[in-house]
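Each chain is listed here by its residues.
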Amino acid sequence: MGMYLYIKALHIIFIVTWFAGMFYMPRLFIYNTEAAEKSQPEKNILQTQFEMMMRRLWFGITWPSAILTLIFGPWMWYLLGGIPQWLMIKLAFVAGLYGYHFTLHAIYRQQTRGIFNYSSQQLRIWNEVATIFLVAIVMLASVKQNISVVWGIAGLILFIILLMSAVRIYKLIRQKGAGKK
């Protein structure tokens, strides 16, 4: 059991650093998208800086953390000796999280080529997807079998509604602030 706890600690550490990268990367996408709307030389200066920050974050922290999370997770199952039912549900969310990770990679590749397919508002909404995965995964890992699936899904849907409402309220506040300038 001693080795299991060390592997679990490493797994949690790399989950945290992976999420840190996935929380910050879309913010950099937003800033880079907004910089593309500026005039020269400000546009070039900002985009050069954001591209460097994105590259360092993505390949120095986020990707390595995603890979190490993927190594330590199965290692924990092996040491645990089985996969409980709650973990199967969690793994479905983890698969979705890796899908989200790959969409961020696609946006990263586009932006480094000067392609901006998404508005800053769309990216703000996409930024919150990681939060939804975080809440679902942590709740499943913490509460485990004590949570009913129905209440868990209802709670997650309520959380998504509240989160998207907050994004809309923030957009209205930004628009009102821009109107005062």
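Residues numbered from 1 in each chain as written. Predicted model: local features only at pLDDT ≥ 70, side-chain atom pairs only at ≥ 80, totals over all residues. Heavy atoms only, no water.

Visitor: Can you break down the overall build of the protein residue by residue, with the values?
Guide: The number of helices and strands found in the protein is six helices and zero strands. Put simply, the protein runs from its N terminus to its C terminus through helices and strands in the order α-α-α-α-α-α. Projected onto the principal axes, the alpha-carbon positions of the protein cover approximately 60 × 35 × 20 Å. Evaluated residue by residue, the protein yields a buried proportion of 32% over its 181 residues. For the protein, long-range pairs separated by at least 24 residues make up 84% of all intrachain contacts whose partners lie at least 6 apart in sequence. Of the accessible surface of the protein, which amounts to about 11,000 Å², a share of 69% is contributed by carbon and sulfur atoms. Side chains of the protein carry 17 positive and 5 negative charges; the gap between the two charge centres is 8 Å. (Helix = DSSP H or I, 4+ residues; strand = E, 2+ residues; numbered from the N terminus. Buried < 20%, exposed > 50% of the residue type's maximum accessible area, 1.4 Å probe, protein only. Contact = heavy atoms within 4.5 Å. Areas by Shrake-Rupley, 256 points an atom, 1.4 Å probe, with all protein chains shown as cover. Lys, Arg positive; Asp, Glu negative; His and termini not counted. Charge placed at Lys NZ, Arg CZ, Asp CG, Glu CD.)

Visitor: Pulling in residues and values, what's your account of the nonpolar core?
Guide: Met 22, Met 25, Phe 29, Leu 97 and Tyr 100 are the most contacted members of the largest nonpolar core, which totals 25 residues. Listed by contribution, the elements that provide at least two residues to this core are α1 (2–35), α2 (42–80), α3 (85–112) and α5 (129–143). Among the elements that take part in this core, α1 stands out by supplying eight residues, more than any other. (Core = buried A, V, L, I, M, F, W, Y, C linked by side-chain atoms within 4.5 Å.)

Visitor: Could you give an account of the packing of α1 against α3, with specific residues and numbers?
Guide: Where α1 meets α3, the closest approach of the two axes is 11 Å, and the angle between their N-to-C directions is 35°. Note that α1 runs across α3; the crossing there is left-handed. Taking contact as the criterion, the partners of His 11, Trp 18, Phe 19, Met 22, Met 25, Pro 26, Leu 28, Phe 29, Asn 32 and Thr 33 in α1 are, on α3, Lys 90, Leu 97, Tyr 98, Tyr 100, His 101, Leu 104, Ile 107, Tyr 108 and Gln 111. Each residue belonging to the contact of α1 with α3 can be placed in one class, and the counts come to 13 nonpolar, five polar and one charged. (Axes fitted to C-alpha atoms, helices over the stretch in contact; angles between N-to-C directions. Left-handed = near helix turned anticlockwise from the far one by under 90°. Nonpolar A, V, L, I, M, F, W, Y, C, P; charged D, E, K, R; others polar.)

Visitor: Give me the packing of α1 against α5: which residues, what numbers.
Guide: Running from amino to carboxyl end, α1 crosses α5 at an angle of 155°, the nearest separation of the two axes being 9 Å. Our classification of the angle between α1 and α5 gives roughly antiparallel. For the pair formed by α1 and α5, the contact residues are Phe 19, Met 22 and Phe 23 on the first element and Ala 130, Thr 131, Phe 133 and Leu 134 on the second. Considering only residue class, the contact of α1 with α5 consists of six nonpolar, one polar and no charged. (Parallel < 35°, antiparallel > 145°, perpendicular 65-115°, else oblique.)

Visitor: Requested: an account of a nonpolar patch on the surface, with residues and values cited.
Guide: Side chains of Met 3, Ile 67, Ile 71, Trp 75, Tyr 78 and Leu 79 sit close together on the surface and give an oily, nonpolar patch of about 620 Å² of accessible area. Relative to the assigned elements, Ile 67 resides in helix α2. A relative accessible area of 45% means that Ile 67 is categorised as partly exposed. (Patch = residues over 30% accessible without salt bridge, like charges linked within 9 Å, V, L, I, M, F, W, Y side chains within 5 Å. Salt bridge = Lys/Arg side-chain N within 4 Å of Asp/Glu carboxyl O.)

The analysis is restricted to geometry; functional conclusions fall outside its scope.
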